[in-house]
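Here is how the chains run, residue by residue.
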Amino acid sequence: MLAALAVAPHALAHSGVQATSPKPGAVVQALPATITLTFGSRLMRVSSVRVTDAKGVNHATSARLDPRNAARVVVRTRSPVPGAYRVAWTVQSEDGHSESGAFAFRARGR
Ligand SMILES: [Cu+2]
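So, a few notes on the structure that sits alongside this text. (Residues numbered from 1 in each chain as written. Predicted model: local features only at pLDDT ≥ 70, side-chain atom pairs only at ≥ 80, totals over all residues.)

Relative to the helices and strands, serine 100 resides in strand S8 (residues 98–107). Of the residues examined, serine 100 has 11 C-beta atoms within 10 Å and is grouped as exposed. (Helix = DSSP H or I, 4+ residues; strand = E, 2+ residues; numbered from the N terminus. Buried ≥ 20, exposed ≤ 12 C-beta atoms within 10 Å, placed from the backbone.)

On to the pairing of S8, then. Bridge count between strand S2 (residues 27–28) and S8: two bridges; the pairing is parallel. Bridging across to S8, valine 27 finds its partner in arginine 106. The sheet contact formed by strand S7 (residues 83–93) and S8 spans 10 bridges and is antiparallel. Bridging from a neighbouring strand, glycine 83 pairs with alanine 107 of S8. Once S7 ends, the chain turns through four residues before running back antiparallel as S8, passing glycine 96 with a positive phi of about 90°. (Pairing = 2+ DSSP bridges.)

One finds Val49, Val51, Val73, Val75, Tyr85, Val87 and Trp89 to be the most contacted residues of the largest nonpolar core, which totals 16 residues. Sorting elements by how many residues they give to this core places S7 first, with four residues. Beyond its immediate stretch of four places on either side in the chain, valine 87 contacts Ile35, Val49, Val51, Ala102 and Phe103. (Core = buried A, V, L, I, M, F, W, Y, C linked by C-beta atoms within 7 Å. Contact = placed C-beta atoms within 7 Å.)

A separate point is the sheet that holds strand S5 (residues 60–66). Read across the sheet, four strands follow the order S1-S3-S6-S5 without closing on themselves; strand pairing throughout is antiparallel. Looking along the sheet, the strands with just one partner apiece sit at the ends: strand S1 (17–21) and S5. Geometrically, the sheet is characterised by an average inter-axis angle of 15° between neighbouring strands, direction not taken into account. Sheet topology note: the S5/strand S6 (residues 69–77) ladder contains six bridges and is antiparallel. (Axes fitted to C-alpha atoms, helices over the stretch in contact; angles between N-to-C directions.)

Here aspartate 66 is to be found in strand S5. The class for aspartate 66 is partly exposed, based on 14 C-beta atoms found within 10 Å. Each C-alpha atom of the pair aspartate 66 and threonine 38 lies 9.7 Å from the other, and the pair is 28 residues apart in sequence. When near neighbours in sequence (up to four residues on either side) are disregarded, aspartate 66 contacts Arg72 and Val74.

What follows is the structure in structure tokens.
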């Protein structure tokens, strides 16, 4: 209990991903040219984002903070292929700490 209370204020600075596009578990027609991750609080910077297909090939070409919303990460992709994708991210929150996570979605293909 004491440990949980001690952690709580810090956890607020790391509110995690609130929304992604595509959503976790989504089935989409094709790999979107833009993937977004919206966090619960502002970020200091994007450390890395990988968008890997079932073969482990990374399709991300860039990952940046949205200049109009520092809680939003915009990822550009290339070379869409059908199949499963995993988006693995590491960001630096405003307090300077690193936070990471991952989600998956599927591209149906034509
Ligand atoms: Cu922290």
